[in-house]
There are 2 protein chains.
Amino acid sequence: MSVRQMKFGLFLMGVGHHIAAWRHPDVRPEWCEDFTFFRRIAEIAEQGKLDMLFVSDGLAIEPLSHPAEIVRLEPFTLLAALAAVTNRIGLAGTASTTYNEPFHIARKFSSLDHISRGRAAWNIVTSYYEEEAYNFSQTAHLEHRLRYERAREFVDVVNGLWESWDEEALIRDQSSGIYFHAEKWRPLNHHGTHFSVRGPLNSSRPPQGKPVLIQAGSSQDGIRFAAHVAEVVFTAQSTLTDAQRFYQTVKQEAARAGRNPDHILIMPGVAPYIGRTEQEAREQYEQLQELIVPEVGLAFLSDYLGGIDFSGYSLDDPLPDDIPETNGNQSRRQLIIDLARRERLTIRQLYQRIAGARGHFTIIGTPEQVADQLEYWFLQGAADGFNLMFPYYPNGLQSFVEHVIPILQKRGLFRRNYEGTTLRDHLGLPVPKSIRV
Amino acid sequence: MSVRQMKFGLFLMGVGHHIAAWRHPDVRPEWCEDFTFFRRIAEIAEQGKLDMLFVSDGLAIEPLSHPAEIVRLEPFTLLAALAAVTNRIGLAGTASTTYNEPFHIARKFSSLDHISRGRAAWNIVTSYYEEEAYNFSQTAHLEHRLRYERAREFVDVVNGLWESWDEEALIRDQSSGIYFHAEKWRPLNHHGTHFSVRGPLNSSRPPQGKPVLIQAGSSQDGIRFAAHVAEVVFTAQSTLTDAQRFYQTVKQEAARAGRNPDHILIMPGVAPYIGRTEQEAREQYEQLQELIVPEVGLAFLSDYLGGIDFSGYSLDDPLPDDIPETNGNQSRRQLIIDLARRERLTIRQLYQRIAGARGHFTIIGTPEQVADQLEYWFLQGAADGFNLMFPYYPNGLQSFVEHVIPILQKRGLFRRNYEGTTLRDHLGLPVPKSIRV
Ligand SMILES: Cc1cc2nc3c(=O)[nH]c(=O)nc-3n(C[C@H](O)[C@H](O)[C@H](O)COP(=O)(O)O)c2cc1C
Ligand SMILES: Cc1cc2nc3c(=O)[nH]c(=O)nc-3n(C[C@H](O)[C@H](O)[C@H](O)COP(=O)(O)O)c2cc1C
């Protein structure tokens, strides 16, 4: 029997996750749209045998966005280009079910899966940016519950389209001249609340059967959705206890939905600051913190809390009591409020805390210390793996691959080599049978 | 002053344009979804200094489709992957304005232009497959005139989104911490008949200012549209006279629309069969013709004529007189009817003729003969270049690059080396100024 090992996603986000990453002297801000930069990162990640690269996405900008979310490469084009210059690493892209059509999404992921020979994954999001509505001829963002309702139907349609082609349908028999058996393809003929889609898909069965499905909503609706459809769950967790509770909840919900809990992997985000000494790691952290422009930090915090106006407050005041509800990202809002209350942070301290990793688990220390923390979360039922969010690239990743990965390998906690060729192989996820369910 | 030289696009279409290409003994039918196959083709094309690769597209299939249109790679993912493994060749992808949203299209082409460092082009189509409607929650295909009306507005929005970022807007000044000047970006605030799009685009100004715009509609609406927006026009022409007339019409319409006629290049499709002797070329042609399954050829013809039912006719009858109108591809339908009447073809002869290149200009001969024909069309005001449609890949392309290109180079009709780095450079098209018009 194989030993349980950690999984790693590498979360690409411009030149780094820290809000001031672009100001770091080792970084060129233009890299955020420079393919050679992403190619270099992908190569390092593949040397480190990481499971997958992950690209987030949004379909609108506003002045308060994280700098990495102002201008950026589009996930399908970026990941397809990376597919051509890598061999093993998985390629996960974000696509919204709120502002897309299922036929396009099914097809692009199937195509990416073909081009990469089985390395594609879809991070299914419902869009947290309310402004996306205005770029798609809508007057308002769809309401939170309806977004998830639409997402369920959207994923059903996409799953159905990926099953368009029976394995024996496309025979392409050169001697008889029969290209395919039309009676063995499966039009979908879906007629639902949000979509009508006839099918079949003009893409043959994806090499992985279907691309891996990832989900990252942590609200109640989000967790229920994940329990039904996700094979990987990304999540932002600041403390071990919260992470353990989340882990339990999702696994139990999955079991209740009739699924094998081992087939839904929980991967919290983690932001590692790695130094030869703890002191060096801390200096790295402080160097970035000092590069935060206060107005930008404050605006960023305000945005994360649904656009709250801080103009009546001093930076040294505590977070106000009455933070209004939002139709955007509810779980992130709650995470940030909890963090402020728990640690009694001032407004300034709070924006400084989220500027680095938006509330995700942060580790500052030596390679041994980083490995210890990851191991602890992994063994204490808080994580099946981690979504790595380096403060700035490529340095953080380089240190991690050179110094942390070998420690984890020595401890038997991480692979020394890719054992299979597909992302499903790396993650230990089953290949769906070629039969419509 | 630089001499006028031919431009070449390479039309990728599965394993070849001939309807029986997949049955050819040198071909493996699975190549149609195999990225390494397309990579090999792209490399040969780049050795030949061709201007661009071109990928067609459709968003539905039906049993009668050309085999290359049953399952295929999706253009954005295919072209982005090719961008990563090529250096100079242009990358043109087809995207429909009828079943897409302008924000997505503007963004994906901008991203492709960034990844390829200025080699992207958009083949703007209005969708000729009526069945696409059923994959996008529509009950009927939008009417021909309305498709073009929507296309005009769609292109206006995309052009506007590409101008979101003034060249000085994104200053990214590391020392002051100012990432961009929000007052220098340009939200679009478009409110039209078909779309409302706020903008700005979350992608900086494309390296080419804007990707090259290609159009291929040949109906009256199509030509008018091309004259206004296209920089390259693809067209199917069987005879020199028709091609000359089309060339004149488009250039005059462009001038009437206030444009410089040199900035709209006319590129008819051409299907070359190349042999060491004319006899060898003809045998190559015959070999493919013999591989056509009669039912498939007939179904293909019927499809191209809007679904006409041939069941009451013998294959040796002439084409019936009353071919019904279609809401699909009108210019192609007319081209095929004209061909049948002009050459008094039987139904069998007609499907055999379109099986190779769907009515496009076909040349069968030695490298010298092929070069002569291309030169003739080029010098007689019928073409600024050609869209190469090889019967099967990679052999046809390989012969062309090895034997025809050197002849054209010797005659001064084609470049010996890429002189610039972008597709606009290759095609001699101007870079738009960074000012909203
Ligand atoms: C690691 C991580 C990455 C995410 N990436 C994206 C993203 O790229 N785009 C997006 O719109 N939402 C993203 N989200 C947000 C969620 O997918 C989800 O839409 C959001 O949490 C709102 O849902 P909820 O209210 O159920 O939490 C991400 C969340 C996490 C934890
Ligand atoms: C060389 C060439 C390539 C084309 N490629 C496509 C394509 O990939 N997808 C598509 O829907 N239409 C394609 N078309 C069709 C046209 O773009 C256009 O939609 C069609 O001719 C109908 O418009 P019309 O009635 O104005 O001619 C192509 C046409 C030509 C000549």
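Above this text you will find the structure in question.
Here the residue numbering is sequential within each chain, running from 1 through the sequence in written order. Throughout, the order in which chains and ligands are written sets their labels, letters from A for the former and numbers from 1 for the latter. Thresholds applied to this predicted model are a pLDDT of at least 70 for local features of residues and 80 or more for the giving and counting of side-chain atom pairs; totals over whole chains, interfaces and linings are not thresholded and use all residues. Excluding hydrogens and water, the side-chain values take into account all heavy atoms of the structure.

### With respect to the environment of Pro 432 of chain A
All names here are of chain A. Topologically, Pro 432 is positioned in the segment after helix H13 (423-427). Linking Pro 432 and Ser 127, residues 305 residues apart in sequence, is a C-alpha distance of 27 Å. Residues count as neighbours in contact if any of their non-hydrogen atoms are within 4.5 Å of one another. With residues up to four places along the chain from it excluded, the contact list for Pro 432 reads Arg 205, Gln 208, Gly 209, Lys 210 and Arg 424. Going along the chain from the N terminus, every DSSP run of H or I of four or more residues is numbered as a helix, and every run of E of two or more is numbered as a strand.

### Re the packing of helix H3 (residues 102-115) of chain B against helix H4 (residues 144-162) of chain B
All names here are of chain B. It is the contact of H3 with H4, at a shortest axis distance of 9 Å, that shows an interaxial angle of 50 degrees. In terms of orientation, H3 and H4 fall into the oblique class. Considering the relative orientation of H3 and H4, their crossing is right-handed. Every residue of H4 that contacts H3 at Pro 102, Phe 103, Ile 105, Ala 106, Phe 109 and Ser 110 is listed here: Phe 154, Val 157, Val 158, Leu 161 and Trp 162. Gly is put with the polar residues, along with every residue not named as nonpolar or charged; the nonpolar set is Ala, Val, Leu, Ile, Met, Phe, Trp, Tyr, Cys and Pro, and the charged set is Asp, Glu, Lys and Arg. Residue composition of the contact of H3 with H4, grouped by class: 10 nonpolar, 1 polar and no charged. Here an angle of 0 to 180 degrees is reported between the N-to-C directions of two axes, which are lines fitted to C-alpha atoms, with helices fitted over the stretch in contact. Working definition: roughly parallel below 35 degrees, roughly antiparallel above 145 degrees, roughly perpendicular at 65 to 115 degrees, and oblique for all remaining angles. The handedness criterion is simple: a crossing whose near helix is rotated anticlockwise from the far helix by less than a right angle is left-handed, and one whose near helix is rotated clockwise is right-handed.

### Examining the pattern of salt bridges
If charged atoms from side chains of opposite charge come close, those side chains can pair. All names here are of chain A. Between Lys or Arg on one side and Asp or Glu on the other, a salt bridge is scored when a side-chain nitrogen of the former is within 4 Å of a carboxyl oxygen of the latter. Tallied over the full model, the rule gives 43 salt bridges over all chains. As a salt-bridge pair, Arg 186 and Asp 166 come within 2.6 Å of each other at their nearest N and O atoms. Linking Arg 186 in the loop between helix H4 (144-162) and strand E5 (190-191) with Asp 166 in the loop between H4 and E5, this pair joins segments that are 20 residues apart in sequence. With a relative accessible area of 17%, Arg 186 lands in the buried category. The cut-offs for exposure are 20% and 50% of the maximum accessible area for each residue type, with area from a 1.4 Å probe on protein chains only; residues under the lower value are buried, those over the upper are exposed, and the others partly exposed.

### Let's talk about the interface of chain A and chain B
In this assembly, 76 residues from chain A lie in contact with 76 residues from chain B. Linking chain A with chain B are 6 salt bridges. Notably, a salt bridge pairs Asp 57 of chain A with Arg 107 of chain B, separated by 2.6 Å at the nearest N-O pair. Under this definition, polar contacts are N or O atom pairs within 3.5 Å; protein pairs additionally need one hydrogen-donor-capable and one acceptor-capable atom, and for neighbouring residues in sequence, both atoms have to be side-chain atoms. At the junction of chain A with chain B, the criterion picks out 39 residue pairs in polar contact (both at pLDDT 80 or more). In terms of residue class, the side of chain A that touches chain B is made up of 38 nonpolar, 20 polar and 18 charged.

### Re the side chain of His 17 of chain B
All names here are of chain B. Residue placement: His 17 occurs in the loop between strand E1 (7-12) and helix H1 (35-47). Assessed through its relative accessible area of 0%, His 17 is described here as buried. A polar contact is formed between the side chain of His 17 and the backbone oxygen of Phe 11, at a distance of 2.8 Å. Excluding residues that lie within four positions of it along the chain, His 17 makes contacts with Phe 11, Leu 12, His 66, Ala 355, Gly 356, Arg 358, Leu 388, Met 389, Phe 390, Pro 391 and Tyr 393.

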